[in-house]
Amino acid sequence: MQIAAAGDRALLVTLAGASSADLRAAAESVRGIAGVVAAIVGHESIYVIGTGGADAVRHALAVARAADARPVAHHRIEVSFDDAHALDVREFLAHVNASREEFLARLRSIRLSVRYLGFRAGFAYCDGWPAEWSMPRRTTSRNHVPGGSFGIAGTMAGFYAVDSPGGWNILGCTAAALWDPLRDPPNLFAPGDSIDIEPIDQRLSVAAGALARRAAEGGRLHTAQEVAEVIAPGQLTTIVGAPDWSRVEHGLPPGGAFDEDAAAMANEAVGNDPVAPLLECVLVGPKLRTARPAAFCDGELNVRSFVAGEVDIGRIRGMRGYLAIEGGIGEMRLRYAETPAVLKRGDRLYGVEAAVPGRLAGGTPAATRANRLTIRVIPGPHDAPPLPEEWDVTPQLDRVGIRLRPLHAIEAKLPADLLSCGAQFGTLQWHADGSLVALGPDHPVTGGYLQPATVVSTDRWKLAQLVPGDRVRFVLA
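Residues numbered from 1 in each chain as written. Predicted model: local features only at pLDDT ≥ 70, side-chain atom pairs only at ≥ 80, totals over all residues. Heavy atoms only, no water.

A.B. asks: So what exactly am I meant to see when it comes to the overall build of the chain here?
C.D. replies: From N to C terminus, the chain includes 7 helices and 32 strands. Here the C-alpha coordinates of the chain stretch approximately 70 × 50 × 45 Å along the principal axes. For the chain, the residues scored as buried account for 55% of the 477 residues in total. Across the chain, every contact between residues at least 6 apart in sequence was considered, and the portion connecting residues at least 24 apart equals 72%. Total accessible area computed for the chain in this model is approximately 19700 Å², and 51% of it derives from carbon and sulfur atoms. Each charge class in the chain can be summarised by its mean position, and for the 47 positive and 53 negative side chains these summaries are 2 Å apart. (Helix = DSSP H or I, 4+ residues; strand = E, 2+ residues; numbered from the N terminus. Buried < 20%, exposed > 50% of the residue type's maximum accessible area, 1.4 Å probe, protein only. Contact = heavy atoms within 4.5 Å. Areas by Shrake-Rupley, 256 points an atom, 1.4 Å probe, with all protein chains shown as cover. Lys, Arg positive; Asp, Glu negative; His and termini not counted. Charge placed at Lys NZ, Arg CZ, Asp CG, Glu CD.)

Right, dumping it as structure tokens:
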């Protein structure tokens, strides 16, 4: 067992050779530690968020027993291998020197076991794929893999529960409802579950991704009072609430405000809980007609207050700012939606319908902000070559993450494919091409990239305010 710091509020626990049952039991035991908000299961690791206490983690792991892990389920899933869905099956058959008939016949005797969820909503990483049928992931990822697709990478198999990019070899597709945001839990497969594949040859009329979209489009009724009407949405305005750590167990990020301090100041200016749902605005804020007082906090922590009526934010200082309305704003999305709701012209906003959960605080907001482009980090959790200090911010940035480009070519050889492990808001992922991605609040829950350092939680607001062309420095805390 190895335990490494992952920033100032998390630990990466590596359990080499652990079984799927051992990992599940370890995660459940660790979740009982005071302060722990999430324990993300990786391929052979547990990423523990909410504590830096290695001794408490060691004790929890010492008493964890696989026999105590939650019950598991068995699934028999029909998978179509029609050419319309089996995008890479011909290349796969040539790679493993097997006929289509041999492949389909043997599939019925293979039992897969879900090791963990990650990457995107409900994505199941499965053990049990034959070693002699191993095939490297594609050299170039597809921009769109349909939800329901069944793929392999190396000796791992997996099901894409929702439409997403992906680099695995796609061998088939299922119409089973792998992900339903109206269901609780929303994912069909859970860690430890076993899966038998029933091959079919006919083309599917509706794939799992279409079923998930149809469920999401079912919408929800608003029972709270209307608090605002959107006259103009601004450049990009989303509704964000407190991080929901229960989402992590289903392969979803916890979410939350990108700049937690600015959001808290906007909320407190109208008497709200610091993590009450509010509007996150990028570059140009919205124009609203509100029924209640509102307050706006920009990236420099300047607060403007508004009486009920027309509120026009316009160009904001900094990359992101926050508009709070007295009483809070309903998030206008299903609990297990993949992304926050985006404002559109004509939308009507409603008050909060449920209690606001707590958060894992990043610290007390400062009265002023300085050194925006100097970001403090803690090395690890992975051992890595020395991280260059200066980086340029590219236009590739959103709530998922910010891609940075090194000023000079990286001479060190970086791993292209590590065993997937957990990650958090503030994780730095160093890719084989030399670029660095600083993860935001809607980051993938797991990833197979080198993590050389993690941003100190009180500096994460600096990631939220980066703009393309900025030059940043990462310094040791």
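So much for the structure itself; the text now carries on.
A.B. asks: Any chance you could explain helix H4 (residues 100–107) here in plain terms?
C.D. replies: Since one α-helical turn is 3.6 residues long, residues separated by three or four positions face the same way. Buried within H4 are the following residues: Phe103, Leu104 and Leu107. Here the buried residues of H4 occupy an arc of 90 degrees about the axis, which is enough to place them on one side. Tucked into the core, H4 has its buried residues touching helix H3 (89–96), strand S12 (169–173) and strand S13 (194–200). (Arc of directions from axis to C-beta.)

A.B. asks: In this structure, what is going on with the pattern of salt bridges? I would like to understand it.
C.D. replies: Pairs can form between side chains of opposite charge whenever their charged atoms are close. Evaluation of the coordinates by the stated rule reveals 30 salt bridges. The salt bridge partner of aspartate 392 is arginine 471, with a shortest N-O separation of 2.9 Å. Here aspartate 392 is found in strand S25 (residues 390–397), whereas its partner arginine 471 is found in strand S32 (residues 471–476), with 79 residues between them in sequence. Taking relative accessible area as the criterion, arginine 471 reaches 43% and is therefore assigned partly exposed. Via salt bridges that share partners, Arg76, Arg108, Arg111, Asp196 and Glu198 belong to a single interconnected network. (Salt bridge = Lys/Arg side-chain N within 4 Å of Asp/Glu carboxyl O.)

A.B. asks: What is the right way to read the sheet that holds strand S28 (residues 427–430) from this model?
C.D. replies: Neighbouring strands of a sheet are bound in pairs by backbone hydrogen bonds; such pairs are parallel or else antiparallel. With mixed pairing, 7 strands are arranged side by side around a closed barrel as S24-S31-S28-S29-S26-S25-S32. Across this sheet, the average inter-strand angle for adjacent strands is 40 degrees, counted without regard to direction. The pairing of strand S26 (residues 401–406) with strand S29 (residues 436–439) spans 4 bridges and is antiparallel. By the bridge assignment, leucine 404 is partnered in S29 with leucine 436. (Pairing = 2+ DSSP bridges. Axes fitted to C-alpha atoms, helices over the stretch in contact; angles between N-to-C directions.)

A.B. asks: Help me understand the pairing of S28 in this model?
C.D. replies: Looking down a regular strand, the side chains alternate between one sheet face and the other. Across the two faces of S28 the burial is the same, with Thr427 and Gln429 and Leu428 and Trp430 all buried. Strand direction decides the pairing type here: S28 and strand S31 (residues 450–455), joined by 3 bridges, are antiparallel. Bridge assignment links tryptophan 430 to a residue of S31, and that residue is leucine 450. Across 3 bridges, S28 lies against S29 in antiparallel orientation. In the strand pairing of S29, tryptophan 430 is matched with leucine 436. In this structure, the hairpin formed by S28 and S29 is closed by a connection of 5 residues, where glycine 434 is found at a positive phi of approximately 95 degrees.

A.B. asks: I keep staring at the sheet that holds strand S17 (residues 287–290) and nothing clicks. Help me out?
C.D. replies: Read from one edge of the open sheet, 4 strands run S20-S17-S14-S23, paired in antiparallel fashion. Both outer strands of the open sheet, strand S20 (309–312) and strand S23 (348–350), are each paired with one neighbouring strand and no more. Neighbour-to-neighbour, the strand axes of this sheet turn through a mean angle of 25 degrees, independent of strand direction. As paired elements, strand S14 (residues 226–232) and S17 share 4 bridges and run antiparallel to each other. Looking across to S17, one finds that valine 230 is bridged to leucine 288.

A.B. asks: I keep staring at unusual backbone geometry and nothing clicks. Help me out?
C.D. replies: Trans peptide bonds make up most of the peptide bonds, and negative phi angles are found at most residues other than glycine. Cis geometry marks the peptide bond from aspartate 184 to proline 185, where omega comes out at 5 degrees. Assignment of secondary structure puts proline 185 in the loop between S12 and S13. Geometrically, the link from glycine 380 to proline 381 is a cis peptide bond, its omega value of 20 degrees lying close to zero. Although it is not a glycine, leucine 283 adopts a positive phi angle of roughly 65 degrees. Inspection of the secondary structure puts leucine 283 in strand S16 (residues 278–284).

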